[in-house]
Structure formats: structure tokens, C-alpha cells
Amino acid sequence: MAVQPAMPRSWRRESKPHKFCPGCGHGIALKALGQAIDELGIQDRVVFGCDIGCSLLTWDFFNVDTVQTHHGRTTPVMTGIKRANPNLICIAYMGDGGGYAIGAQHLVNAAGRNEKITVILVNNTQYAMTGGQMAPTTLPGQKTETTPYGRDVELTGFPTQGPEMVAAITPEGAYVARGTVSKIRQLQKMYVRALLNQIEGRGFSFVETLATCPTNWRTNAEKTWAFLEKQMPEYFRVGELKVPLTTEGAEEA
Amino acid sequence: MAGVPVPGDKRVFMTGNEVVAYAAVAARADIMYGYPITPQNEVMHYWTRLAPKYEKRFLQTEDELSAGFTTIGGVMAGRKAFTATAGPGNVLMQEPMAMAEMMRLPVVVVIMQRGGPSTATVIYSQQEVILTTFGGNGEGFRIVYSTATHQELYDYTIKAFNTAWRYRFPVFLLADGYQAKMREPLTIYDPLERGIELIAPEAYLGRPGTPGVDRPPGHFRNTYSTEEELYEVLQGHVREYERIWREVEEYESLGTEDTDLLIIAHGVVARAAKQAVEYLRGEGLKVGYFRPVTLRPMPVDALREAVSRTKRFMVVESAYGQLSKLVRDALYGLAVEMVPLYKPGVGVTPEEIMARSRELIVKGES
Amino acid sequence: MKDIRIVEAYVGEYASGKSEVAINRALELARTGRPVTLVDLDLVEPCYTLRPLKKELEEQGINVLAWETRDAVGLGETGNILRAEVPWALRRPGHVVFDVGYGVGGARTLDLVEGIDQEPLFRILAVVNTSRPMTMTVENVVDYVRNLGPVHGLINNTHLGDETTADIVQQGAQTVAEAGRRLGIPVVATTAVAEVAAVIGPVDCENNPVRVLKRYMPRAFW
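For every chain, the first residue of the written sequence is number 1, and numbering continues from 1 onward in sequence order. All chains are assigned letters beginning with A, and all ligands numbers beginning with 1, in the order in which they are written. It should be noted that, the model being predicted, local features are given only for residues of pLDDT at least 70 and side-chain atom pairs only at 80 or more, the latter also being counted only at that level, while totals for whole chains, interfaces and linings use all residues.

A separate point is the sheet that holds strand E5 (residues 108–113) of chain B. Residue and element names in this part refer to chain B. Between any two strands, at least two bridges found by DSSP are needed for them to pair. For helices the rule is a DSSP run of H or I covering at least 4 residues; for strands it is a run of E covering at least 2, with both sets numbered from the N terminus onward. Taken in spatial order, the seven strands of this open sheet run E3-E2-E4-E5-E7-E6-E13, and their pairing is mixed. The two strands at the open ends of the sheet, each matched to only one other strand, are strand E3 (57–60) and strand E13 (294–296). Adjacent strand axes in the sheet meet at a mean angle of 20°, parallel and antiparallel pairs treated alike. Along the sheet face, helix H3 (residues 64–76) touches strand E2 (31–34), E3 and strand E4 (81–85) and points at about 165° away from the line of E4. Sitting on the sheet, helix H6 (residues 150–167) is in contact with E5, strand E6 (143–146) and strand E7 (171–176), with an inclination near 160° to E7. Between the N-to-C directions of two axes lies an angle of 0 to 180 degrees, each axis being a line fitted to C-alpha atoms and, for a helix, fitted only over the stretch in contact. Any pair of residues counts as being in contact when their C-beta atoms, constructed from backbone geometry, are within 7 Å of one another.

Here is the structure:
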């Protein structure tokens, strides 16, 4: 008898198996998110918004009300919903291009206003759905379709430090962290704390999630894991960057 | 405190922007999202002054993209939500409105046209007609009311929410900087006291019950994988838009039975056109007047009827042929001469229209 | 009396008629033979108010500190633009009349004018049109005037544009007078265009003087 993989209750079975590539980090991030929703018992109150890019493949992923928006615009759509009906728990799910490039002004201003929404931003160091172009998060020297000789930081700058920026511009009450799909238990805990921050009305919550993209990295399993665990953390430090003082078990502020 | 700011019918003296804010309260709108741009600012100024007294909300966003997308969030949460903008803001607004069009979301957008292209003037134009009727990467599945008076600004703001929630297409109230800042008397009223039904909004998201357990989840998207799938969806939109076309279209006309010259104008310019026509008819000239109130959908049958009974028609607008594009499209196949009177970005007076009409009729010029 | 100069500021709700009242007052003062300066202190939308009328008013003998169309070229959005002469308006000889724009700043906008607190006869006058929804009732007017900051007098400028009748003005006079009693602020005048003023007579139903207004603002297209 085949062993059935454990699926979070809030996942929608009818849309599984999901549509992500083999080895994609989205599936792990979404499992951690599903478990967080289950743990908090909020499936009836969650509204999930997904962006453009690979994140849009989640438009029928959960058994929660979902809206797929435009590139970069998930943050304002979720903001609009939350402002109109504060009882809902709004999760904006996007990639690094959506959050740090085309939707950066929305992220910055939603963070500055301390909007009571949760943003989960998946960082896989490039635009994946469009075929692997440079993103704000591409590592120095990393080859993409638009940096065929490797990212030249003189010409295109260094990888965006998203959570560091969000931590710097959010008022007290915000929760900011960077997790990784290589540490799913820690990641799930971060999602729970981010959602709790929203539920308790403390402020904005933001979790950047380091994730794999073997398809565009052109890496096998071993190299994929090495890129995620060794190269990415050279630029992206995993951990909680900002935790409201009232949060139970706050580790570092 | 719910209800309206002023009970009963009341004759008042107001500016157009204020009228929109008061009418939105009277329409029982719940929330406005907005970003500052002249000449629509007083819509926000008065909404924010009134909102807390009537348990309504406001969010000032970071730009018009966000104003449009938060408005989308508001309607999906089941609230009567609206925004207001102008000029370059209307350009940015087209991205969210394309999403509203694709997903049939009942957003209401108030446009106070200013000079263009680009930053141009903060004052006035009718240069956002094509943008407002057919903007975005789509097919113009939207309803656009072009108002001419403060009374219409009040009436059509209330109507815009009803039209949006009845038909589930985005609705635009297209006015201009003159209407925004001009002041004149009008009657404000509570639509409920007048027996006008206000269509209740419905939530797309967050309805009672656990999705997948008590009810299916609401999964809303605007992305399609294949041409055929998109075609299917759009055919549905086309059928629905064509079905409601004649229910929604509105126009105003005067003396169009048998004319030497028919004057076609919309919005605030139509006031000058109507005045000119009334005056010229008093002189015994055979001049008619036709004003589309809905620029989208265009009242095609009535317009064709009026044009088929005239020797030639003149399109008057504060733009370089935007209304005339829509008009000529509606008139395809009719062999009637058209004369333009285009004044992009500036107002048009009745005197100018009369002078040009006399040249055309009396002197037989072209 | 001849040497004492009049410094008045007209404040009030958006579209209450401040500019019209201020223009008429400036022209009235000009007939005394002393120089008069009319100052546009509208900081929310400066290009909408006195600009289109500046030339015409200057031909009638008053100095107007407002943008001219040719100066306004390239000003773009035109919000919050204070002309350099405006803070120093009181250095000018003769009477000075300020037309203060609406906005949450209210009468505090006058803080921008140097030396205004040293003018012995400086008066701030609130212009009220009770046909405006925000100032329709006695309670509304009282609340509104309280939020303006210091106000020395009220002006009943109630009208309905071309539809104005003596009755409408008189009803406004009653509302404004009652608000004035509750506020402890005198009503300085009721204003009306000539044909309506002729019906009302020299004083309104509350015994306040009637100032005849000539309408300039419709020509400004607003």
C-alpha cells in the first residue's frame, strides 16, 4: 500500500498534484502555510491573494477564498479587502519580482502604514515563469537570461535586502522574518507568528521565503540544495528581524 | 449615524467634486480609496469630512494603481467601493480597471478630466474619452456616463453604484475639471426617500462557512492558459454586454426630426451646444442637438436615427476628435458629411458654436 | 478715521463666496481714495480663484497679489504656492484685504503674513452661505466657525447662484444671526446682488446692513 503524503487540511485535494516543477520551493512553502492555517484554525476567515509569476499557480491551491491579481498588485488588493472587512485574514503571496520590483511601491507603503495583512514573498533569485531573467534578488555573478555573463553588481546593483528594508520602515507592531524551505518547521513557525500578528491586530507581517528553482537554475538535487543552503544565505540571512515585544516566545527583536 | 447628511429634498449651492462626495454618501457607498490629483481632490476632501459621521471609511493609497486595486479589494469584500482620479492618474487606473473588466467587478470610478497628454493642465479637457471608454488591454466592457450638470453628477453618482452592482461591469462617471470646480445650484436628496432602490452589494470573498467543507471556495482569476479558454470567457462577456446595451444606453436630444445641421456633443460642452441650438432654432434655423449620456455603450440606434435625418452634423468637443471617433464608429455606412469643431483642452462657448453653425447653414460653407 | 487703515481677512467654507465678498470689499474701499491691496491667500488651489480676474480688477484701481496667467506657466499642479510678495503684503500702504482659501488650516493660514498680529484694526470675517450643505443649520455654522480659529465677525452670503431670492437670503440671515448669538460673534453684513438687495432693503430681517455685491467670479469660470 502506497504511503499517502500528509496534506494540510486547508489544501484543496481536487487541485493536487499541484502544477509546480519538480523540486520547486513553492510546494514546501505552501505546505508550511497550509499547516499554519490548520494550526490556527482560520480556514474560514482566510483570503489568499496570489500574484503573477509562478505564484499564480496557487489560484486554486487552497480550500480558502482566493483571488489572483496582477503582477505586483496583490498587496493593494489584499489591503483593500482588509480595509473593507477587517474580520478577514488576508495573505498576499508573491515572488521577488512582484514584491521588490514591479510592486515595490505597494510593499513599501503597505509596510509603512502597518497594514494588518500578511505578505509572503518567495525569493528564488530570478523571474521563473518568464524563463529565468534577473530579479532584484539575483546573486552577484549569477547567470540569468538577461545577465548571460553573470550579474554585474556595478551595472545592476546587489541583491535587494527585502526583510531588512521592511524591518527598517515598519512601525512597532510589525513582524518581519526571513525563512527558508530548507527549514520547514522554522518556516511554519514564522508563518504562524506572522498570521497571529495580523489576527491580533498588531501590524504588518512579512516573511521572505528562500526557495529553490532547479528548472531555471539548471541544477540537480544536490546542487539545488547547495545553492539554497550555502550560496543564498551569503546574501540573505535567515531568522526573525522584527518581532513585536508582546509576541510570546520572542527570540530576537 | 447612518443615512444622508441632509434629510429631504434640498436646493443647495455646491461645487461638482463636493456633489460627488455627498452623492456617494447618499448612495450608501462604504469606502473610498484615493490618491491626490487635481482637479478631483475635493471628492476626497469632502468624503473624508463626511465619512466618520456616517461610519464610512477612506484609505489614501500610494498611487492610482493602488487606488484602483484596493477598490477592487473593497468590492470583492462585498462593499460599495469607489475611487476618483484624473489625467495621468486615469492612465494608471486603466491597469486595475482591466482586471475589473475581466473579472466583472462592480467598481465605480469618478474621472475629472484635465488637460493632456502628460501632465498638461490641471484644469479641464475632454481628452480622456478614448482612455475611459476603451482603456486597458481589453475590449471596453465598461459603462461610462458623461455628465453635464451638477444635478447629473448627483443623480449619476447614485446611479453608477446601482449600474455597477446590477450588471457587474466597472462603471465610470466621466466629468471634467470645470464640472469639478464649478459651482451651481442643485437638489440633493435621499434616494431611499424618493423610492429609488439601492442595489445591495454582495461579497465575493469571505462569505459564511468554511470553504471546501460548508461551501466551495471562491477561486477568482484573470489568467487563462489557452486562447480557446479565453475566447470562451470573452464570448460570455460579449453576450452579456450586448444584452444589457440597450438597457444601459442613454442620450438626450432636441429637434432632431429634420435638420440642416445636427450638433453632437457630450459632457459640459453639451450644455453650450444645447444652448446654441435652442437659440438658433429661435432664429428659425433647422438645427438639432444630440448628446450621448453613455459614451459606452454608445446609443447607436438613436444616434443613427438622428444623423439619418440631417444634411450634415458637427461634432463639438474639447478634444481632437475623441468623441468623433466613437460617433463615426457608430455611424458606419451612413453617408452624411461631418464637420469637426475640436478645441483640445479648452472650453467651448455657445457663441462659438452658433457662429460656426451660421457659417455652415446660412453661408453654406464647409 | 482717514489715517486708520483697514485690514480684513475673509475666511470660510469652500465655495462660500469668500473671493466674491473680498473683491467687492476691496473695490468699495478703493472708492475712499486710498490704495487697496487684495491678496489671494488661497493655498489649496491658487490658480482657480483670482488669477483670471487679476487684470480686470487692477484696471479698477486695486492692487491684486495673485498669480497672473503668464506667471503661472509651468506651475503644474499649482498646490500650496505662496507668492513671494504675499507674506509682506502689510508693508504696502493703504487698506489690505485677504481672500483666504479653504482648507483645514482655516484662519491659521494668516500666520504666514508678517506683522498681522500688530495691526490694530485687523479683523477676520467668516463668510457663510447657508445653501452649502456643510453650513446649512445653526449647529453646522457654529461648529464650522469654531473650527476656523479666531473670527471677529460673520457675513451672511447666502445665495443659490442665479436662483437666489430675497427669501433665501433672509432665511440665511436668520440662521447666521442665531449662530452669531451662540458664538458671541457679531454679524457684520448680509450680502446680495443688486436686484435681490433692492427687494430686501438697506437692512436684513435681523437688522444687519446689506452690502450690494457685484458678481465677478462667474467670469473666472468657477
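Further remarks concern the interface of chain C and chain B. Tallying the contact residues gives 17 residues for chain C and 19 residues for chain B. Here the nonpolar group is Ala, Val, Leu, Ile, Met, Phe, Trp, Tyr, Cys and Pro; Asp, Glu, Lys and Arg are the charged ones; every other residue, Gly included, is treated as polar. Here the residues of the side of chain C that touches chain B sort into eight nonpolar, six polar and three charged.

What follows is about the environment of B:Ala265. All names here are of chain B. Here Ala265 lies in the loop between strand E11 (259–264) and helix H9 (267–282). Residue Ala265 is classed as buried on the basis of its C-beta count, with 29 C-beta atoms lying within 10 Å. Between the alpha carbons of Ala265 and Ala164 there is a distance of 25 Å; along the sequence they are 101 residues apart. Setting aside residues no more than four positions away along its own chain, Ala265 makes contact with Ala270, Ala273, Arg291, Val316 and Glu317. Counting other C-beta atoms within 10 Å of a residue's own tells you its class, since 20 or more makes it buried, 12 or fewer makes it exposed, and anything in between is partly exposed; those C-beta atoms are placed from the backbone.

Turning next to the arrangement of the chains. Considering every one of the two pairs of chains in contact, the largest contact total is recorded for chains A and B. These two, chain A and chain C, are apart from each other, with no contact and a minimum C-alpha gap of 22 Å.

Right, let's talk about helix H2 (residues 74–84) of chain A for a bit. Where burial is concerned, most of H2(A) is hidden: eleven out of the eleven residues are buried. Within H2(A), burial applies to A:Thr74, A:Thr75, A:Pro76, A:Val77, A:Met78, A:Thr79, A:Gly80, A:Ile81, A:Lys82, A:Arg83 and A:Ala84.

Once that is clear, we can look at unusual backbone geometry. With omega at 5°, the peptide bond leading from A:Lys16 into A:Pro17 counts as cis. Along the polypeptide, A:Pro17 turns up in the segment before helix H1 (26–40). B:Pro117 follows B:Gly116 through a cis peptide bond whose omega is 0°. With respect to the element layout, B:Pro117 can be found in the loop between E5 and helix H5 (129–134). Residues other than glycine seldom take positive phi values, yet B:Arg104 does so here, at roughly 55°. Structurally, B:Arg104 can be placed in the loop between helix H4 (87–103) and E5.

Once that is clear, we can look at the pairing of strand E3 (residues 89–95) of chain A. Residues and elements named next belong to chain A. Most of E3 is tucked away: seven of the seven residues are buried. The two faces of E3 match: Ile89, Ile91, Tyr93 and Gly95 on one face and Cys90, Ala92 and Met94 on the other face are all buried. Across five bridges, strand E1 (residues 46–50) lies against E3 in parallel orientation. Bridging across to E3, Val46 finds its partner in Ile89. Here E3 runs beside strand E4 (residues 118–123); their pairing, made up of five bridges, is parallel. Across the sheet, residue Met94 finds its bridge partner in E4, namely Leu121.

What we call a nonpolar core is a set of buried Ala, Val, Leu, Ile, Met, Phe, Trp, Tyr and Cys residues whose membership is set by joining through C-beta atoms within 7 Å. The biggest cluster of nonpolar side chains holds 193 residues, and the ones touching the most others in it are A:Ile81, B:Ala23, B:Ala24, B:Ile263, B:Ala273 and B:Val316. If near-sequence neighbours (up to four positions away) are discounted, B:Ala273 is found in contact with B:Ile263, B:Ala265, B:Tyr289, B:Val316 and B:Ile353. Listed in part, the 53 residues of the second largest apolar core include C:Ala9, C:Ile62, C:Val64 and C:Leu154.

Backbone-to-backbone hydrogen bonds pair the strands of a sheet. The strands run either parallel or antiparallel. If you trace the eight strands from one edge of the open sheet to the other, you get E9(A)-E7(A)-E8(A)-E4(A)-E3(A)-E1(A)-E2(A)-E9(B), paired in mixed fashion. Of all strands in the sheet, those bounded by a partner on one side alone are strand E9 (239–242) of chain A together with strand E9 (219–220) of chain B. As defined by bridge partners, strand E7 (residues 175–180) of chain A adjoins strand E8 (residues 205–210) of chain A across six bridges and the pair is classed as parallel. Looking across to E8(A), one finds that A:Val176 is bridged to A:Phe206. In the packing of H2(A) onto the sheet, contacts are made with E1, strand E2 (65–68), E3 and E4 of chain A, and the angle to E3(A) comes to roughly 175°.

This is a description of form; function is not addressed.
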